[in-house]
Amino acid sequence: MASDTDTEKADRSQGAASLWAARWRSLRLRLAGSRLGALILALNLLSLLILFVGALLLNEWRRNLIEARLESLTSQAELLANVLGELGITRGEPVPYLDGLAASQWLRDNFIPRGQRVRLYDQNGLPLIDSYAVTEQIPGEALDPALPAGAAPPAPPDPARESARIERARDALNEEVQRALAGDPQTSIRRAETGERVVSVSLPVRHVRDVLGVLTLEAGDVDETLDAQRRALMPFAFVALAVSLLTSLLIHLFVARPILRLSAAADQVRLQRARAISLPDLEERKDEIGDLARSLETMTATLSDRMDAIERFAADVSHEIKNPLTSIRSALETLELVKSPGDKARLTALLQQDVSRLDRLITDISNASRLDAELSRDRPRPVNLSKLLDDIASIYVATQRPGDVTVRFTDALRGAAQVTGREGPLGQVFRNLIDNARSFSPPDHAVRVALEGQGDRVLVRVEDDGPGIPSDNLETVFQRFYTARPKGAAFGGNSGLGLSIARQIIEAHGGTIHAENRTDEAGAVTGACFVVALPRARPVSKAKPRPGAGDADG
């Protein structure tokens, strides 16, 4: 049971470690591909690095200053202790003792440097001498400047707080003295009764080996040292501030202003004052702003092209609809003037033909206008092109009548033609191509649909035995409303949108479609051939089973 618990904890820790490692790799990849992100991070780290280095250098400097001050005070204290012994202030007869009066007189006459304080304690830790008491110098600080007339006096200090502060300072000093009486020299940084920091050295005063008292020497210039350190840190802080300001300025110049320009250009397009965004200076940048500018320009250029296409489509639709409407109006105006039943029947048949033509045209126009929305709404899926073409050819064979054009399908890939796309629109393309080929083929002939591979693409060929396509029209046949029917074909039987829709669908799937003529050995045209090329579907890698995810039976 314990082993299972340990294993579970180890798995959780390993999982957490792998999760953090994955997040770190993802962050490194994002920063590696982001020039602006790397620049902002580098500038921010630079300002922090300046402060960090400055703090390290000044901390080292302060530590060296304090250590040097302690060494200086230690040397002075040792010298004073030795002098006390040499002058006979410490004696050993009849018993070892310390002459406090002589020590006081000597300290008064020969000590003390300004800013330092010396105290002498007996072997019981009781104070004997304080340099502040025996010297003519008066300790203290300069008074604050006089307040202006009518100003409120400052609030007096809190007596309880002052008393507690003095008590803490005396306790720290007594503790230091007691440790020195044990025979160990003491160095420390503590608070004095006045609240300032002091560097303190306490040395035992000996006669031979007996400890007769403690000499404490302290200097109160620690706060001045710390103030000097803070003043020395200011240049680093100013440099860091300047770097931060420079960083902000650079971000404003290279990020904020370009984004504002892109926003203003987008507003111009929105307000229909421009058809596309064009900012050449931003597009030449090699960072994310350049990528955004190029993407916006490409997007607006595509939208502009789409708007132009819609305008051309509307003009073509208007022109194509006018033809049957003009014919219908002419027939209706003539119908009232015709008296012969035979002429009326011919006019009525013409009206029905024009109405059918108009209905077919409107239906094809509606399908073409909805095509983009349908393609964007339907998600691409793996499509077996072999099965799709086989099913389409089978339908034509099953509904074939005597004398109709036969549809023959050959699969060189043996059912292995996989593409990624939308089965419905792809089926519409191949039905349009087969219907178009059958309409041009003579009766009792065949339309051949061949599926084959070519590298990473799949080719579908639709061949007929018709008259072929004029060489000048091999590309024109894919334009909207283009019709070129053979002699004898019914007028208005086609809207001219089938091949245009087919190309639109194939290009939406990343493929191509083109037309070519079939020729014999003599070079004579024997029919037309439409070639569709689609990219093969990428193989989907199977997920590896997790360790231990076997059968329940084990």
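Just above sits the structure.
Owing to the predicted nature of the structure, the values given are computational and were not obtained by experimental measurement.

A word on the overall build of the protein
Now for step 1: On a plain count of helices and strands, the protein comes out with 12 helices and 14 strands.
Now for step 2: Every one of the 554 residues in the protein was classed for burial, and the buried ones make up 32%.
Now for step 3: By sequence separation, contacts in the protein at least 24 residues apart represent 64% of the contacts at least 6 residues apart.

Section: the pattern of salt bridges
Now for step 1: Scanning all chains against the criterion turns up 16 salt bridges.
Now for step 2: Glu 176 is the salt-bridge partner of Arg 190, the closest N and O atoms lying 3.0 Å from each other. Placement of the pair is Arg 190 in strand E5 (residues 186-191) and Glu 176 in helix H5 (residues 159-181), with a sequence separation of 14 residues.
Now for step 3: For Arg 190, a relative accessible area of 8% translates into the label buried.
Now for step 4: Glu 176 sits in the buried class, given a relative accessible area of 1%.
Now for step 5: Glu 463 is the partner of Arg 448 in a salt bridge, and the nearest nitrogen-oxygen pair spans 3.5 Å.

Describing the sheet that holds E5
Now for step 1: Pairing is antiparallel in the open sheet, where 5 strands are placed in the order E4-E3-E7-E6-E5. The strands lining the two open edges of the sheet, one partner per strand, are strand E4 (127-130) and E5. Across this sheet, the average inter-strand angle for adjacent strands is 25°, counted without regard to direction.
Now for step 2: With 6 bridges connecting them, E5 and strand E6 (residues 197-207) associate as antiparallel partners. Each residue of the ladder has a partner; that of Arg 191, found in E6, is Arg 197.

With respect to the packing of helix H11 (residues 423-440) against helix H12 (residues 498-508)
Now for step 1: Contact geometry of H11 with H12 gives a least axis separation of 9 Å together with a crossing angle of 145°. As for how H11 packs across H12, the hand of that crossing is left-handed. Residue-level contacts link Pro 425, Leu 426, Gln 428, Val 429, Asn 432 and Leu 433 of H11 to Gly 498, Leu 499, Ile 501, Ala 502, Ile 505 and Ile 506 of H12.
Now for step 2: Residues of the contact of H11 with H12, tallied by class, amount to 9 nonpolar, 3 polar and no charged.

Looking at the nonpolar core
Now for step 1: In terms of nonpolar packing, the biggest core is built from 44 residues, with Leu 385, Phe 430, Leu 433, Leu 451, Val 460 and Val 532 touching the most fellow members.
Now for step 2: The residues contacting Phe 430, other than those within four sequence positions of it, are Leu 385, Leu 389, Ile 392, Val 460 and Val 532.
Now for step 3: Residues Ile 89, Leu 98, Val 118 and Leu 215 belong to the second largest nonpolar core, which totals 23 residues.

Points about a nonpolar patch on the surface
Now for step 1: Residues Leu 46, Leu 49, Phe 52 and Val 53 make up a contiguous nonpolar surface patch of roughly 350 Å² in combined accessible area.
Now for step 2: Its place among the elements puts Leu 49 in helix H2 (residues 35-86).

Concerning the sheet that holds strand E14 (residues 525-535)
Now for step 1: Taken in spatial order, the 5 strands make up an open sheet running E9-E11-E12-E14-E13, and their pairing is mixed. Each edge of the open sheet is held by one strand with a lone partner, namely strand E9 (406-411) and strand E13 (512-519). Across this sheet, the average inter-strand angle for adjacent strands is 20°, counted without regard to direction.
Now for step 2: Relative to E9, helix H10 (residues 385-398) is tilted by about 160°, and along the sheet it contacts E9, strand E11 (446-454), strand E12 (457-463) and E14.
Now for step 3: Most of the contacts of H11 go to E14, to which it runs at about 175°, and overall it touches E9, E11, E12, E13 and E14.

Description of the environment of Pro 96
Now for step 1: You can see Pro 96 is positioned in the loop between strand E1 (90-91) and strand E2 (97-98).
Now for step 2: Residues Pro 96 and Val 211, 115 residues apart in the sequence, show an inter-C-alpha distance of 8.9 Å.

Some details on H11
Now for step 1: Look at H11: 26 Å from first C-alpha to last across 18 residues, which is about the 26 Å you get at 1.5 Å a residue.
Now for step 2: Within H11 the residues assigned to the buried category are Pro 425, Leu 426, Gly 427, Val 429, Phe 430, Leu 433, Ile 434, Asn 436, Ala 437 and Phe 440.

With respect to the side chain of Arg 503
Now for step 1: Mapped onto the secondary structure, Arg 503 falls in helix H12.
Now for step 2: Under the relative-accessibility criterion, Arg 503 is labelled buried at 16%.
Now for step 3: Setting aside residues up to four positions removed in sequence, Arg 503 forms contacts with Glu 475, Phe 478, Ile 513 and His 514.

So, the packing of H10 against H11
Now for step 1: Across the interface, H10 lies against H11 with an axial gap of 11 Å and an inter-helix angle of 45°. In terms of orientation, H10 lies oblique with respect to H11. With respect to the hand of their crossing, H10 and H11 are arranged in right-handed fashion. Facing H10, whose interface residues are Leu 385, Leu 388, Leu 389, Ile 392 and Tyr 396, H11 presents Glu 423, Leu 426, Gly 427, Phe 430, Arg 431, Ile 434, Asp 435 and Arg 438.
Now for step 2: Residue composition of the contact of H10 with H11, by class: 8 nonpolar, 1 polar and 4 charged.

What about the pairing of E6?
Now for step 1: Here E6 lies mainly inside the structure; 8 of its 11 residues are buried.
Now for step 2: Linking E5 to E6, which pair antiparallel, is a turn of 5 residues; within it Gly 195 sits at a positive phi near 100°.
Now for step 3: Pairing between E6 and strand E7 (residues 210-219): 9 bridges, direction antiparallel. Pairing of Val 201 across the sheet is with Leu 217, part of E7.
Now for step 4: Linking E6 back to E7 in an antiparallel pair, the connection comprises 2 residues, with Val 208 at a positive phi of about 60°.

About the thresholds
Residues numbered from 1 in each chain as written. Predicted model: local features only at pLDDT ≥ 70, side-chain atom pairs only at ≥ 80, totals over all residues. Heavy atoms only, no water. Helix = DSSP H or I, 4+ residues; strand = E, 2+ residues; numbered from the N terminus. Buried < 20%, exposed > 50% of the residue type's maximum accessible area, 1.4 Å probe, protein only. Contact = heavy atoms within 4.5 Å. Salt bridge = Lys/Arg side-chain N within 4 Å of Asp/Glu carboxyl O. Pairing = 2+ DSSP bridges. Axes fitted to C-alpha atoms, helices over the stretch in contact; angles between N-to-C directions. Left-handed = near helix turned anticlockwise from the far one by under 90°. Nonpolar A, V, L, I, M, F, W, Y, C, P; charged D, E, K, R; others polar. Core = buried A, V, L, I, M, F, W, Y, C linked by side-chain atoms within 4.5 Å. Patch = residues over 30% accessible without salt bridge, like charges linked within 9 Å, V, L, I, M, F, W, Y side chains within 5 Å. Areas by Shrake-Rupley, 256 points an atom, 1.4 Å probe, with all protein chains shown as cover. Expected span 1.5 Å × (residues − 1). Parallel < 35°, antiparallel > 145°, perpendicular 65-115°, else oblique.

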